[in-house]
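Secondary and tertiary structure notes
Here is what each chain is made of, one letter per residue.
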Amino acid sequence: MLCTALGIVLGVLVGLYALFELHYFLRMCLCVVSARFLKKRMHILDTGTVVGLCLTNDIDTLLYHMNNARYLREIDFARVDFYERTSLYRTIRSKGGSVVQGATTIRYRRFIRPFTRFTISSRIVYWDNQSIFMEHRFLGGTDGFIHCIALCRQRVMQCSVEDVMATLLKSGISLQSAPRKVPANTTSSTEFLEKVETGAGGCGIAADAASLSKPDLPPEVAKWLEWNDISSASLRSEC
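Just so it is clear, the structure is predicted and the values come from calculations on it, not from any experiment.

**Let's talk about the overall build of the chain**
When its secondary structure is counted, the chain shows eight helices and five strands. Put simply, 72% of the contacts in the chain that link residues at least 6 apart link residues at least 24 apart. Summed over all atoms, the accessible surface of the chain reaches about 13,600 Å², with 60% contributed by carbon and sulfur.

**Things to note about the sheet that holds strand S3 (residues 117-127)**
The five strands lie next to each other as S1-S3-S4-S5-S2, forming an open sheet whose pairing is antiparallel. Either end of the sheet is taken by a strand with one partner, and the two such strands are strand S1 (48-53) and strand S2 (98-108). For this sheet the average axis-to-axis angle between neighbouring strands, irrespective of direction, equals 25 degrees. Seen against the sheet, helix H5 (residues 161-171) touches S3, strand S4 (131-140) and strand S5 (146-157) and runs at an angle of roughly 115 degrees to S3. The sheet contacts of helix H8 (residues 219-238) involve S2, S3, S4 and S5, and relative to S5 the element is tilted by about 60 degrees.

**Regarding the nonpolar core**
In this structure, Ile44, Phe82, Leu88, Ile124, Trp127 and Ile132 are the most contacted members of the largest nonpolar core, which totals 19 residues. For this core, the secondary-structure elements that each account for two or more residues are helix H3 (68-86), helix H4 (88-94), S3, S4 and H5. Counting residues per element, this core draws most heavily on H5, at five residues. Once residues within four sequence positions are removed from consideration, Ile132 is found in contact with Leu88, Ile124, Tyr126, Trp127, Cys152, Arg153, Gln154, Val156, Val161 and Met165. Ranked by size, the runner-up nonpolar core spans 14 residues in total, among them Ile112, Ile120, Phe138 and Cys152.

**Observations regarding the packing of aromatic side chains**
Under the defined criterion, the tally for this structure stands at nine aromatic pairs. Measuring from centroid to centroid gives 5.5 Å for Tyr64 and Phe111, while their planes differ by 80 degrees, and the two rings are edge-to-face. Of this pair, Tyr64 sits in the loop between S1 and H3 while Phe111 sits in the loop between S2 and S3, and the two are 47 residues apart along the sequence. Aromatic side chains Tyr71 and Tyr108 sit 5.0 Å apart centroid to centroid with 70 degrees between the ring planes, which places their arrangement in the edge-to-face category. Of this pair, Tyr71 sits in helix H3 while Tyr108 sits in strand S2; the two residues are 37 residues apart in sequence, bridging distant segments of the chain. Look at Tyr71 and you get buried, because its relative accessible area is 3%. What makes Tyr108 partly exposed here is its relative accessible area of 36%. Site record: aromatic cluster; members linked through ring pairs are Tyr71, Tyr108, Phe118 and Phe138. The ring of Phe145 carries the charged tip of Arg110 above its face, separated from the ring centre by 3.6 Å.

**Notes on the side chain of Glu74**
In this fold, Glu74 is placed in helix H3. In this structure Glu74 comes out as buried when scored by relative accessible area, which is 4%. What Glu74 contacts, discounting residues up to four positions off in sequence, is Arg27, Phe118, Ile120 and Phe138.

**Considerations on the environment of Thr142**
Take Thr142: it is sitting in the loop between S4 and S5. Considered as a pair, Thr142 and Thr119 are 23 residues apart in the sequence and their alpha carbons are 9.9 Å apart.

**Remarks on the pattern of salt bridges**
One pass over the full model with this rule turns up 14 salt bridges. In this structure, the salt-bridge partner of Asp58 is Arg70, at a minimum N-O distance of 3.6 Å. Pair noted here: Asp58 is in the loop between S1 and H3 and Arg70 is in helix H3, with a separation of twelve residues, a long-range link. Given the relative accessible area of 17%, Arg70 is considered buried. Among the salt bridges present, the one from Glu162 reaches Lys214, with a minimum N-O distance of 3.0 Å. Of this pair, Glu162 sits in helix H5 while Lys214 sits in the loop between helix H7 (209-213) and H8, and the two are 52 residues apart along the sequence.

**Here we look at unusual backbone geometry**
Positive phi outside glycine occurs at Ser87, with the angle close to 65 degrees. Checked against the element boundaries, Ser87 lands in the loop between H3 and H4. Even without a glycine there, the phi angle at Gln158 is positive, about 65 degrees. Among the structural elements, Gln158 can be located in the loop between S5 and H5.

Reading the values: the criteria
Positions within a chain are numbered from 1, following the residues in the order the chain's sequence is written. Predicted model: local features are reported for residues with pLDDT of at least 70 only, side-chain atom pairs are reported and counted for 80 or more only, and whole-chain, interface and lining totals are derived from all residues. The basis for every side-chain value is the complete set of non-hydrogen atoms in the structure, without hydrogens or water. Every helix listed is a DSSP run of H or I at least four residues long, and every strand listed is a run of E at least two residues long, numbered separately from the N terminus. Contact definition: two residues touch when any of their heavy atoms are within 4.5 Å. Throughout, the Shrake-Rupley method with a 1.4 Å probe supplies accessible areas, and for residues the shown protein chains are the sole cover considered. Should DSSP find at least two bridges between two strands, the strands are regarded as paired. Axis lines are fitted through C-alpha atoms, for helices just across the contact stretch, and the angle between N-to-C directions can take any value from 0 to 180 degrees. To form a nonpolar core, buried Ala, Val, Leu, Ile, Met, Phe, Trp, Tyr and Cys residues must be joined to one another through side-chain atoms within 4.5 Å. Throughout this description, buried means an accessible area under 20% of the type-specific maximum (1.4 Å probe, protein chains only), exposed means over 50%, and partly exposed covers the range between. Aromatic rings from Phe, Tyr and Trp, taking only the six-membered ring of Trp, are treated as a pair when their centres fall within 6.5 Å; an angle between ring planes under 30 degrees marks them as stacked, one over 60 as edge-to-face, and anything in between as tilted. Sitting over a ring, as applied to charges here, requires NZ of Lys or CZ of Arg to be within 6 Å of the ring centre and within 35 degrees of the ring normal. Think of a salt bridge as a Lys or Arg side-chain nitrogen and an Asp or Glu carboxyl oxygen that are within 4 Å of each other.

Here's what the structure looks like:
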């Protein structure tokens, strides 16, 4: 009887692995649980980090470095961690919106070898009324070398990104007990919060939260958007 039960369980597991990449879904669930219940919450303009390890199921046919496609999968886990810890996804959903991956560009600089640890740093570099632009860096576990850098466009639908960011920046007041590093090309969130608390700038200061702390458009993002527009125009002309 026990052998029969074990055989059925084993058969179900084999069937699930044949139909789905089961460990991907299991790891994604673990990422959500860890980010939501075990890790510290983050301000929306902070940089999030997750640690990864290149295993044998991550390498390509040459057997000595991570498969190029695996980088994008690792970014999935880093992005989910960032979404949960900053409440970005919950805020989008609370406003009746949804988010999808609109575009990605990735640049490889140095191999990640098997059984090598790495860290993925994730941060928001810009946003407009329809999209959030995130940068992901793969950092060497020992020397901090940037092995790979990716730029992703998260397309938000059925709600305004400016509204979402204003809500998150305003709710960030409770997360300011510890100092954090603010990019040089942004208005300091501490300065912004002081204005909110003192009422400086009039009643409209909270509504202007997103624009006050919004980073300048990075030149590489501007060129990337230009390339996307050219590509879209070219594809439309073929229809």
